[in-house]
Amino acid sequence: RFIKTVKPIDVENIKVFLLRKGNSPATINRKLSCLKTAYNIMKNNKFIAYNPVDEIDNLEVNNSRYQFLTKEDWHRLKSYMPTHLLYISAIAILTGFRRGNVLNLDWQYINMDLRYIQILKLSNKGRKEIFYPISDALYAILMELKPKKSGYLFVNPKTNKPYIDIKHSWHTACKRAGLK
């Protein structure tokens, strides 16, 4: 019975309530989407004739987070990093690769003679094969890691597999360096 009495203004009031409660716009939009789907199911099954969420606009979402690491921040941060994280971070900074691409780097796709890194189609968001040139700075780091014929560059000693995530050690290093 209550479901049939809900009006668009009631849904707008729910949006305001959720915002005041601290929900992000993206979270509220997802909740509205679920509510809209529920009403559509009831409408399609002839339990109701009207979906009040149809008239509601989603909140504008700004997911962009720009943070820049200054040279001073980097020098302070790297002094708090374990060795593996230092290499992972340096390669990420020098290449611009996504975290997963760095963590899954395999020596068989790194050509030190012709100085390029091959990223396979299945390994990147654009689904394109990428041949990334190795700069002098990147070359020096790769040489420190002692190139091999194959095998991952960064192997977690606990699992003997590539690192899956580095968030914990990253956040610890940032905290110790006084960075957010």
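Residues numbered from 1 in each chain as written. Predicted model: local features only at pLDDT ≥ 70, side-chain atom pairs only at ≥ 80, totals over all residues. Heavy atoms only, no water.

S.K.: Hey, could you run me through unusual backbone geometry in this one?
M.R.: Even without a glycine there, the phi angle at Lys46 is positive, about 65°. In this structure, Lys46 sits in the loop between helix H3 (25–44) and helix H4 (71–78). (Helix = DSSP H or I, 4+ residues; strand = E, 2+ residues; numbered from the N terminus.)

S.K.: Just to check I follow, could you spell out the environment of Lys175 for this structure?
M.R.: Summarising the element assignment, Lys175 is placed in helix H8 (residues 167–177). Counting along the chain gives 95 residues from Lys175 to Tyr80, while the straight-line C-alpha distance between them is 9.1 Å.

S.K.: How do you make sense of the side chain of Asp73 when you look at a structure like this?
M.R.: Considering the arrangement of structural elements, one finds Asp73 in helix H4. When sequence neighbours within four positions are dropped, the list of residues in contact with Asp73 reads Phe68 and Leu179. (Contact = heavy atoms within 4.5 Å.)

S.K.: How do you make sense of the environment of Thr70 when you look at a structure like this?
M.R.: As for its position among the elements, Thr70 is in the loop between H3 and H4. Owing to a relative accessible area of 36%, Thr70 belongs among the partly exposed residues under this scheme. Placed 15 residues apart in sequence, Thr70 and Leu85 show a C-alpha to C-alpha distance of 18 Å. At a separation of 3.0 Å, a polar atom in the side chain of Thr70 contacts the main-chain amide nitrogen of Asp73. (Buried < 20%, exposed > 50% of the residue type's maximum accessible area, 1.4 Å probe, protein only. Polar contact = N/O pair within 3.5 Å; in protein donor to acceptor, adjacent residues only side chain to side chain.)

S.K.: Even after reading the chapter, I still don't get the confidence of the model for the protein chain, so can you show me in this structure?
M.R.: Predicted coordinates in areas of low pLDDT are best not read in detail. Of all residues in the protein chain, 100% have pLDDT values of 70 or greater, and the mean over the chain is 92. Mean pLDDT across the elements of the protein chain bottoms out in helix H1 (residues 2–5) (87) and peaks in helix H7 (residues 136–144) (96). (pLDDT = per-residue confidence, 0-100.)

S.K.: Is there a simple way to explain the packing of aromatic side chains in this structure?
M.R.: Aromatic rings considered in pairs are described by the distance between their centres and by the relative angle of their planes. One pass over the structure, following the stated rule, counts 2 aromatic pairs. Centroid distance Phe97 to Tyr132: 5.1 Å. Interplanar angle 70°. Geometry classified as edge-to-face. With Phe97 in the loop between helix H5 (83–95) and helix H6 (99–103) and Tyr132 in strand S3 (residues 130–133), the pair connects residues that are 35 residues apart, well separated along the chain. Overall, the relative accessible area of 13% leaves Phe97 in the buried class. When its relative accessible area of 23% is taken as the criterion, Tyr132 is described as partly exposed. Between Tyr116 and Phe131, the aromatic rings sit 5.3 Å apart at their centres with planes inclined by 70°, giving edge-to-face as the arrangement. (Phe/Tyr/Trp six-rings, centres within 6.5 Å; stacked < 30°, edge-to-face > 60°.)

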